[in-house]
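# Topology and contacts: notes
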Amino acid sequence: MSAELDSLYQEIILDHYKNPHHKGLRDPFEAEVHHVNPTCGDEVTLRVHVADGVVADVSYDAVGCSISQASTSVMTDLVIGKPVEEAMSIHEEFLTLMQGKGNVEPDEEVLEDGIAFSGVAKFPARVKCALLGWMAWKDATGQSLDSQSISSQGGTDD
Amino acid sequence: MSAELDSLYQEIILDHYKNPHHKGLRDPFEAEVHHVNPTCGDEVTLRVHVADGVVADVSYDAVGCSISQASTSVMTDLVIGKPVEEAMSIHEEFLTLMQGKGNVEPDEEVLEDGIAFSGVAKFPARVKCALLGWMAWKDATGQSLDSQSISSQGGTDD
Amino acid sequence: MEGLLPDLEVVRKDFPILSRTTPDGRPLVYLDSANTSQKPQVVIDAMVDHLERHNANVARAMHLLGAEATEAFEGGRDKVASFIGASERDEVIFTKNASEALNLVANTLALPGPRQVGPGDVVVTTEMEHHSNIVPWQMLTQRTGADLRWFTFDDQGLLDLSQVDELITERTKVVTFTWVSNMLGTINPVAELTRRAHEVGAIVVVDASQAAPQLPIDLAAMAPEERPDVVVFTGHKVVGPTGIGVLWGRRELLEELPPFLGGGEMIETVTMERSTYAGLPHKFEAGTPPIVESVGLGAAVDYLAALDMEAVHRHEQAITAYALDGLSGVPGLKVLGPLDARLRGGAISFELDGVHPHDVAQVLDVRGVAVRAGHHCARPAHAKFGVQSSTRMSSYLYTTPAEIDALVEALHYTRSYFKVD
Amino acid sequence: MEGLLPDLEVVRKDFPILSRTTPDGRPLVYLDSANTSQKPQVVIDAMVDHLERHNANVARAMHLLGAEATEAFEGGRDKVASFIGASERDEVIFTKNASEALNLVANTLALPGPRQVGPGDVVVTTEMEHHSNIVPWQMLTQRTGADLRWFTFDDQGLLDLSQVDELITERTKVVTFTWVSNMLGTINPVAELTRRAHEVGAIVVVDASQAAPQLPIDLAAMAPEERPDVVVFTGHKVVGPTGIGVLWGRRELLEELPPFLGGGEMIETVTMERSTYAGLPHKFEAGTPPIVESVGLGAAVDYLAALDMEAVHRHEQAITAYALDGLSGVPGLKVLGPLDARLRGGAISFELDGVHPHDVAQVLDVRGVAVRAGHHCARPAHAKFGVQSSTRMSSYLYTTPAEIDALVEALHYTRSYFKVD
Ligand SMILES: Cc1ncc(COP(=O)(O)O)c(C=O)c1O
Ligand SMILES: Cc1ncc(COP(=O)(O)O)c(C=O)c1O
């Protein structure tokens, strides 16, 4: 029984929960989103700053359970500094892991601390928790890119 | 089986169905009502003329099954010419018979041809058919009396 | 007989109620399936298993039973989505019945939003609709000042398509019609009407309450311009339980419509001042959804899919042809609707000269033959024939030719009982 | 322990799911009954018997099965009417759940009629409502230009009744509140609030979703001025099935309200141009009603009545007192709501310092203890305490003191697992 719990609450997760990385809302950013898990009320407000096709910063403020907090923290570690395209593919990889019902073998090269969440995939009710921050990031990044393409379009119009 | 049917479709009922009494809409009348059985679409338009506290006439136009047609016909026989109060008590008696699920012994003195409907009480789906005309009569008679008390009130006001 | 379901006797064993008898020992001949279908044992068992072993509320619950119940409930949605070939499971909304689904669309079209119907707009329906696809549109048009117009139909029970240009115009915002009529049996030309409606930018709402039980529906296989925007049906007619209906809608449309009922499950966040709403499908599912009903409906559509809806359809057509033939031998009997089985579904309404439909149904019932008498919630279609009511037999996948024989024989008996001739 | 149901172990045997175990063999401790209740065998059996032997559509069908199904369905209505002491069976309307019942009232109050709510009118609710008793009124007031106002509550979770004069005025058209809170557990003063509302001519809508399972309700015994005009509850919380809710309303009020959903069953007559509507209860029951659900609900309320609702209430109070006592021994645990069992129902929400409610529920689940974590569809009430969510245990008639012990022990374990202290 404790083994079952331990597979969910791996040390890495509890560490990130107690000491979240990159927390707090920062400037500059192109997009800010607010995502909610309607079932349980967990919330995240998240900002993305993209510069030259690279995820320059992700900052956030969030309330929620250990899984949602830790996964948001791990996500920032994984995407900050990466080209947007690469970051999106990490997102894909994490999504695949989470939706795999525990049958997907995570690639530590790509997901780093994220592999600690492979146990979460066996708890369907918690998958949404683990994805809250990631979904917010994807949404915000999409909006950042849109706003940039609009402003750069605006540029060519001049 | 045929016995079961025969208890429902007694000769008297089929006779009234084929040759309904008092059918057609006539003057004078104080109230006209239109009742529908929403389940099956059977309809009756019925007029009541009350004079000196007596049911002077009941006339009607109706479409419907043998039970509803016959029961309306029998009803007119029973109430026309009776003091309103007595007619209402016949109505009560018929209602009791219909709602008795076949366990009420009808009083032929009061219900005359109406006793032929005692078999109907055993067919819950048909009870509404048997009551369509009676309910319309009760409604119209109530309205007749109301209209008379209003006009007689109107009289005292002069 | 050709076209019948293979192993029909085995299939019938799946339906416990079919072995019931009347009080005097006659076998039950259930010919009222357009009203509601009977349930196979697997559907009942799935519901029992759920209630005895997995019952919990869904979505909100994080515990073992909650996870099981949620999986079972959402599994029902997946099965329904695949049964009708929906491209996305979240386009499947559970309502309480087909009527609520139609009201949901009609009500939300009255509210502010990109699809709002207003004065001068036209809503088109048909004269052969079930009341549930008339009254909601009367309410919508009365409340918004829009005009309600309708296709009439001919003596054969076929829609008068010559009215298309007059009815479907730039003013038309909604075109709604039944895929298969529950009274006439008529199968309407969904693709053609939908294409015409889409040409003027109207949305198309199809009442598939009678189609879903009888015809294969494959939304994915339809050309987009011929695919309705909304398709509704009801659980209890597809061998599933009461208490659940299905509204499939194109995602973009469902997103444009404002929410209908407010409450638990359909919100994103709530403060006392204002609320925001959840995404599809939950936006339209206020309160505790029909959980055990979804489990039952999932088992039901799986059962139908395993039989193969093409085979079910062939069976219905074979039985319907046989019934039309048998009925034509009853003197004074007039069928209201198409006489060609290939143009129709399995509901056959008829009049019998000299005997009121109630009385027909009553005599039939005493002989164990269950049919419906009345207006079948289609008074306008009856009015068209100048009658209040009719008698209707409706077969389904478990109906045998021998049951049709029993009906026909009982009709002959009815005539003799009432001494017609 | 005093107050428990006599023969509690025998009663528990009525509920098949209570003998389930977790994957590693622990007994299931179901403490999520405010979310949904478990079902006794008699309810399941009644539904099975109906589906296997008596299934047909109701009202419309004149045959043997149709008559049986109608009697069974309407029998459910009779049983519900007697369960709540309604003076008239026709005042009992079946909806799909409590949420639809509340929406029905809120929606029809927006329509033209003697009760229509308009600009300047006030609708009063409370800050402790379930979302299903907030969102419909937000929608109503937003659509009509009326004002939505609300009672707040104090630290103990009790309504601030000093606001009565300010909130309930001549402008007030509707006062609505929950009888028993699903989050705080608070029991609200129905008689007093109703009397005050009636003094200004407002109608009173009571959400009895949590009250009906736990308290005896006897409408007939209430003084007319203290009797609410509408009382709603939901089938699945009173050991009945999902897919059915109850709206009881005073006849005169229900007659004043226009119909809600349009369609089959709720009409008197239909032409293409206009329709007239049936009388109560059918006026508000469009489409095929929840038939097998009424059968299940009828068996459910009969089961509760046989146990005796006074005894069920005593049981809940005894268990709740025992639970409050046990929880008070868990360090860092704070109950959100009244601490006196006599002032409250059986739902106890709490915070545990240092562990998020999700994580509490997760650890408890692994130990077989099923509780709910989240906002329990009462975000405004949570916001009041400055939190998004809480953990909630909720007992019912089948809950034993030993199950409360298991909860308390699992909470101690949770603290040690997360190394709080
Ligand atoms: C107080 C209260 N009101 C309303 C509801 C809504 O009930 P349902 O979800 O069955 O519509 C609930 C239960 O979820 C409740 O606890
Ligand atoms: C064509 C058609 N539409 C709508 C309905 C309404 O379905 P429900 O009563 O389940 O809402 C029916 C069945 O009664 C029907 O046959």
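Residues numbered from 1 in each chain as written. Chains lettered and ligands numbered in written order. Predicted model: local features only at pLDDT ≥ 70, side-chain atom pairs only at ≥ 80, totals over all residues. Heavy atoms only, no water.

### Focus: the pairing of strand E12 (residues 347-352) of chain C
Residues and elements named next belong to chain C. Note the following rule: Accessible area is worked out with a 1.4 Å probe on protein chains only. A residue is then buried under 20% of its type maximum, exposed over 50%, and partly exposed in between. Each helix is a run of H or I in the DSSP string that is no shorter than four residues. Each strand is a run of E no shorter than two, and both are numbered from the N terminus. In this scheme, strands are said to pair when DSSP sees at least two bridges between them.
Among the 6 residues of E12, 5 are classified as buried, and the element is accordingly described as predominantly covered. Here 3 bridges tie strand E11 (residues 333-335) to E12, and the two strands are oriented antiparallel to one another. The residue bridging Leu333 from the neighbouring strand is Leu352, located in E12. By the bridge criterion, 4 bridges tie E12 to strand E15 (residues 390-394) in an arrangement that is antiparallel. Opposite Ser349, over in E15, you have Arg392 as the bridge partner.

### As for the relation of the copies chain D and chain C
For the pair of chain copies, the relating operation is a rotation around an axis with a shift along it. To keep things clear, this is the line we draw: We place the copies in one frame by least squares, fitting the C-alpha atoms of every residue whose pLDDT is at least 70 in both. In this description, contact between two residues means that some pair of their heavy atoms is separated by no more than 4.5 Å.
Rotating chain D by 180° and translating it 0.0 Å along the rotation axis places it on chain C, where the RMSD comes to 0.0 Å. Here the two chains are linked by the operation of a two-fold rotation axis. Taking C-alpha positions as the reference, the residue of chain D nearest the rotation axis is D:Gly243, at 2.6 Å. A shared interface surface links the copies, since 100% of the contact residues of chain D are contact residues in chain C too.

### As for the side chain of C:Asp121
All names here are of chain C. Counted only if it meets this: Two N or O atoms count as a polar contact when they lie within 3.5 Å, although within protein this holds only if one can serve as hydrogen donor and the other as acceptor, and sequence-adjacent residues are included solely when both atoms are side-chain atoms.
In this structure, Asp121 sits in the loop between helix H4 (98-108) and strand E3 (122-126). Residue Asp121 is classed as buried on the basis of its relative accessible area, which comes to 13%. At a separation of 2.9 Å, a polar atom in the side chain of Asp121 contacts the main-chain amide nitrogen of Gly118. With residues up to four places along the chain from it excluded, the contact list for Asp121 reads Gln116, Ala146, Asp147, Arg171 and Lys173.

### A word on the site of ligand 1
Definition in use: Whether a residue is near a molecule or strand depends on its heavy atoms: if one lies within 4 Å, it is near. All accessible areas in this document rest on Shrake-Rupley with a 1.4 Å probe, and a residue is counted as covered only by the protein chains that are shown. Three classes are used: nonpolar for Ala, Val, Leu, Ile, Met, Phe, Trp, Tyr, Cys and Pro, charged for Asp, Glu, Lys and Arg, and polar for all others, with Gly counted as polar.
Close to ligand 1 lie 16 residues, the nearest being C:Thr288, D:Ser99, D:Asp207, D:Thr234 and D:Lys237. Mapping the residues near ligand 1 onto chains gives chains C and D. The separation between an oxygen atom of ligand 1 and a polar side-chain atom of D:His130 is 3.0 Å. Taking D:Lys237, its side chain carries an N or O atom lying 2.8 Å from an oxygen atom of ligand 1. Considering ligand 1 on its own, with 390 Å² of exposed area, one finds that the protein chains cover 99% of that surface. A class-by-class count of the residues in the shell around ligand 1 yields 1 nonpolar, 12 polar and 3 charged.

### Section: the pattern of salt bridges
Once their charged atoms are close, side chains differing in charge can pair, the charge on each being opposite to the other. The criterion, for reference: We count a salt bridge whenever a side-chain nitrogen from Lys or Arg sits within 4 Å of a carboxyl oxygen from Asp or Glu.
One pass over the structure, following the stated rule, counts 60 salt bridges over all chains. With a shortest N-O distance of 2.3 Å, D:Arg196 and D:Asp165 are connected by a salt bridge. You can see D:Arg196 sitting in helix H7 (residues 190-199) and its partner D:Asp165 sitting in helix H6 (residues 164-167), a full 31 residues away along the chain. For D:Arg196, a relative accessible area of 26% corresponds to the partly exposed category. A single network of salt bridges, built from pairs that share partners, joins C:Glu74, C:Arg77, C:Asp78, C:Arg89, C:Asp90 and C:Glu285.

### So, the confidence of the model for chain A
Put simply, the rule is: pLDDT runs from 0 to 100 and stands for how confident the predictor is about each residue.
Taken over all residues, the pLDDT of chain A has a mean of 91, while the share at 70 or more is 94%. This model gives residues 154-158 of chain A a pLDDT under 50, and the stretch forms 0 contacts once residues within four places in sequence are excluded.

### Details of the interface of chain D and chain C
What counts, and what does not: Summed over both partners, buried area is the accessible surface (1.4 Å probe) that two parts give up on being assembled.
With 94 residues of chain D in contact, the opposing surface of chain C contributes 94 residues. Taken over both partners, the interface formed by chain D and chain C buries close to 7,600 Å², and the fraction arising from carbon and sulfur atoms is 59%. The interface formed by chain D and chain C contains 4 salt bridges. In this structure, C:Lys96 engages D:Glu100 in a salt bridge whose closest nitrogen and oxygen atoms are separated by 3.0 Å. Between chain D and chain C we count 44 residue pairs in polar contact (both at pLDDT 80 or more) in total. A total of 8 residues in the side of chain D that touches chain C trace back to one element, the largest contributor, which is helix H2 (residues 41-54) of chain D.

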